[in-house]
Amino acid sequence: MALFIKFLDEIDLVLKENLKQRKIEITDIFEKMNEVNLKLQGNKINFIKAKGIISSFIFKFDLYRTNINRQELSQFPNLKSCSDVNGLIPEDKILIFTDHILQLKKDMKSRFQDLLELQICNWILDPFSFEFVEDLEPHLQMEFIDLKHNCEAQLIFKQVGYELVWIKLKDTYPQLWQQVKLLLLSFPSTYLIE
């Protein structure tokens, strides 16, 4: 991009300035997408955590649109630097930005539809607080009751959290583990959208 802008120095200064301006205007949303991507990387990410990260980001698009429509640009410092002498962004640009954000939201919902529709049961996140054993599939109920009343497992859960407790107890509760393992061992990424 820098080389192209330098090239435009000799060809078309107006186009060069427009291109630099557009780059400034869209930088904020790409920074936000990069933050999400960084959260989705690493060895401790799983589908449960990824669903929360992606869901949160998609929900924020509505807030971003609302704030931009109200000319509240604290979440978009680069865009704010493009405002006029009164500190306002022209209405036609506001419409372009909000439409772009709406399209990004639709795109993210489409790309992550499977993840967003993933049902993550409370008994996976905190088996010791879950009260509705009868809501579980019948083949899981007896094993779940054994787990729920396992004092040693409760202690492990308090010390290491839901991820490691399931891994430590996978051999003891194999039917429950079969339901949980794919949620804990997988690691999604936004790599395809970049």
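One can find the structure itself at the top, above this paragraph.
Chemist: If you had to explain the overall build of the protein chain to someone new, which residues and values would you point to?
Modeler: Tallying secondary structure elements over the protein chain gives 10 helices and zero strands in all. Each helix and strand of the protein chain, ordered N terminal to C terminal, gives the series α-α-α-α-α-α-α-α-α-α. Evaluated residue by residue, the protein chain yields a buried proportion of 36% over its 194 residues. By sequence separation, contacts in the protein chain at least 24 residues apart represent 62% of the contacts at least 6 residues apart. Summing over all exposed atoms, the protein chain offers an accessible surface of approximately 12500 Å²; the carbon and sulfur share of this is 56%.

Chemist: I'd like a description of the pattern of salt bridges, backed by residues and values.
Modeler: Counting across every chain of the model gives four salt bridges. Notably, a salt bridge pairs Glu-163 with Lys-49, separated by 3.1 Å at the nearest N-O pair. Of this pair, Glu-163 sits in helix α9 (residues 151–168) while Lys-49 sits in helix α3 (residues 47–69), placing them 114 residues apart in sequence. You can call Glu-163 partly exposed: its relative accessible area is 23%. Across the salt bridge formed by Lys-105 and Asp-62, the nearest N and O atoms sit 2.8 Å from each other. With Lys-105 in helix α5 (residues 91–111) and Asp-62 in helix α3, the pair connects residues that are 43 residues apart, well separated along the chain.

Conventions we followed
- Residues numbered from 1 in each chain as written.
- Predicted model: local features only at pLDDT ≥ 70, side-chain atom pairs only at ≥ 80, totals over all residues.
- Heavy atoms only, no water.
- Helix = DSSP H or I, 4+ residues; strand = E, 2+ residues; numbered from the N terminus.
- Buried < 20%, exposed > 50% of the residue type's maximum accessible area, 1.4 Å probe, protein only.
- Contact = heavy atoms within 4.5 Å.
- Areas by Shrake-Rupley, 256 points an atom, 1.4 Å probe, with all protein chains shown as cover.
- Salt bridge = Lys/Arg side-chain N within 4 Å of Asp/Glu carboxyl O.

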